[in-house]
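Inside the fold
The residues making up each chain are set out below.
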Amino acid sequence: MSTKNIIFTVLLLFVPISLAAHFLEWGDLVVFITAALAILPLAAWMGTATEEIAVVVGPILGGFLNATFGNATELIIALVALNAGLIDVVKASITGSIIGNLLLVMGLSMLLGGIRYKEQTFESVVARVNASSMNLAVIAILLPTAMNYTSIGISETTVQNLSLAVAIVLILVYGLTLLFSMKTHAYLYEVGVVDTEEEEEVSHEKPNIWLWSGVLLACTLLVALESELLVDALEVATSKLGLSALFTGVILVPIIGNAAEHATAVTVAMKNKMDLALSVAVGSSMQIALFVAPVLVIAGWVVGQPMDLDFNPFELVAVAVSVLIANSISSDGKSNWLEGTLLLAAYTVLGFAFYFHPVANSIG
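This report concerns the structure included in the present document. Small disclaimer: the values here were computed from a predicted structure and weren't measured. (Residues numbered from 1 in each chain as written. Predicted model: local features only at pLDDT ≥ 70, side-chain atom pairs only at ≥ 80, totals over all residues. Heavy atoms only, no water.)

**Examining the nonpolar core**
Put simply, the rule is: The term nonpolar core refers to a set of buried residues drawn from Ala, Val, Leu, Ile, Met, Phe, Trp, Tyr and Cys, joined through side-chain atoms within 4.5 Å. Note on classification: 1.4 Å probe, protein chains only; a residue is buried when its accessible area is under 20% of the maximum for its type, exposed when over 50%, partly exposed between these limits. Runs of E in the DSSP output that reach at least two residues are strands. Runs of H or I that reach at least four are helices, and both are numbered from the N terminus. Contacts were defined at the residue level, with two residues in contact if any of their heavy atoms lie within 4.5 Å.
Membership of the largest hydrophobic core comes to 106 residues, with the highest contact counts inside it found for Ile94, Met106 and Leu296. At 16 residues, the largest contribution of residues to this core is made by helix α12 (residues 274-303). Met106 has contacts with Asn101, Leu278, Ala281, Val282, Ala326 and Leu343, leaving out every residue within four places of it along the chain.

Below, the structure written as structure tokens:
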């Protein structure tokens, strides 16, 4: 068992501890911290279960399963927060997930992979397609915000209707990106798939699909439960920590929901599989922008919560800057440790900006 798996197995102890903290009323701060720690291993096991099931059902259905469940933890947390009416936290978590994957995860992958290997390469065509998709995502969240700020007396219903229309377009585009990556241009993505399949053939026999389906279902239900505890304690706990709801949504929530995926990207980068590392990092950002955010808009419409794509302008600037620098660095199909450092520096600067920005104090 790898060190990463040992850590995630030990962290499972926080599932009963968080439940005890809630029922025995140990305080919102304790509940928040223990629920966050409990979500980390559950997210990791969800990812493992999805991968194991994908081996059995084949590359096309498996790829779709990975694409659907890739950010399931973050989606569950966001849905719980949305149902609780924490719209600004939901929007901040979308922003933070995109920024975190493009800057933090890609940066760590390029830095640690670049320290071990002088220069790493990946498919530049895929990088350009990903860049175009992320540019579309920026445009999609820019227009509702721009319409709101350039129109006088615009109603909330109008912004929501525009957001709903844009959300449907984004989901259609996401479906087309899956068709592109898994069917019409699958050969561009075969490097990472082949490496993964070779490791699976060496490591174990065909997985038990019923066992792993049960694991996936159990982890999903537990993540939903822990997310309820996390969101219920969020406002009081972050206030005690001296953090704003905006900073929590942009920095803490995405790290909690995506830690297992982050670890995977960095691990494969250190094995000189930068194609796979970027597939995890950028693919996760694309899924958040083209699938998770639109689903949340539609879910908000269904449950009667005013969720739309009208973001805080500062969040919008942060996303645009992140997409710009990530696209610039990945466009040549090569990476090194300095480029990774630049991405991490950009993430750190944005983190400080979200922490000190006065707008943060009025959100939540």
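**A short note on the pattern of salt bridges**
For clarity, the threshold we go by: What makes a salt bridge here is a side-chain nitrogen of Lys or Arg within 4 Å of a carboxyl oxygen of Asp or Glu, nothing more.
Applying the stated criterion across every chain yields a total of one salt bridge. Of the charged contacts, one joins Lys91 and Asp308 as a salt bridge, the two residues approaching to 2.7 Å between their closest N and O atoms. Here Lys91, found in helix α6 (residues 87-116), pairs with Asp308, found in the loop between α12 and α13 (313-330); they are 217 residues apart in sequence, far enough to count as distant. As far as burial versus exposure is concerned, Lys91 and Asp308 are alike and both buried.

**Notes on the layout of surface pockets**
Formally: Lining residues are those with an atom within 4 Å of a point, where the points come from a 1 Å grid over the protein atoms alone and group into cavities, where a 1.4 Å probe fits but cannot get out, or pockets, open sets with protein on both sides within 12 Å along at least five of seven lines. Grid points are joined across faces, edges and corners, and a volume is the space filled by probe spheres set on the points. The classification used treats Ala, Val, Leu, Ile, Met, Phe, Trp, Tyr, Cys and Pro as nonpolar, Asp, Glu, Lys and Arg as charged, and all other residues, Gly among them, as polar.
Each pocket or cavity is described by its volume, and for the second largest pocket that value is around 190 Å³. Lining of the second largest pocket is provided by twelve residues; of these, Asp88, Lys91, Asp310, Phe311 and Asn312 occupy positions nearest its centre. Looking at the lining of the second largest pocket, the elements with two or more residues in it are α6, α7 (124-150) and α13. Ranked by the residues each element gives to the lining of the second largest pocket, the list is headed by α6, at three residues. Of the residues belonging to the lining of the second largest pocket, the class tally is five nonpolar, two polar and five charged.

**Here we look at α6**
The α-helix advances 3.6 residues per turn, and as a result positions three or four apart in sequence lie on the same side. Heads up, the condition is: Here, expected helix span is obtained from the residue count minus one, scaled by 1.5 Å. Two axes enter the definition of the bend at a residue: one is fitted to the seven residues ending there, the other to the seven starting there, and the bend is the angle between them.
Taking 1.5 Å per residue as the helical rise, α6 with its 30 residues ought to reach 44 Å, and the 42 Å between its terminal C-alpha atoms agrees with that figure. Bending of α6 peaks at approximately 40° at the position of Gly100. Most of α6 is tucked away, with 25 of its 30 residues classed as buried.

**Observations regarding empty space enclosed by the protein**
With the rule as written, the count across this model stands at four cavities of 30 Å³ or more. If you trace the largest cavity, you find 17 residues lining it, with Glu74, Ile77, Ala78, Ser93 and Val253 closest to the centre. At the level of secondary structure, the elements contributing two or more residues to the lining of the largest cavity comprise α5 (72-83), α6, α10 (209-241) and α12. Per-element accounting of the lining of the largest cavity gives the leading share, five residues, to α6. For the lining of the largest cavity, the residue count by class is 14 nonpolar, two polar and one charged.

**Considerations on the packing of α5 against α6**
To keep it simple, the criterion reads: What counts as an axis is a line fitted to C-alpha atoms, over the stretch in contact for a helix, and the angles between N-to-C directions run from 0 to 180 degrees. Each angle gets one of four labels, with under 35 degrees taken as roughly parallel, over 145 as roughly antiparallel, 65 to 115 as roughly perpendicular, and the rest as oblique. It is the rotation of the near helix from the far one that decides the hand of a crossing: anticlockwise by less than a right angle makes it left-handed, clockwise makes it right-handed.
The contact between α5 and α6 brings their axes to 8 Å, and the two run at 160°. Relative to α6, α5 is oriented roughly antiparallel. Between α5 and α6 lies a crossing of left-handed hand. Contacts between α5 and α6 involve Glu74, Ala78, Ala81 and Leu82 from the first element and Ile87, Val90, Ser93 and Ser97 from the second. Across the contact of α5 with α6, the residue classes tally to five nonpolar, two polar and one charged.

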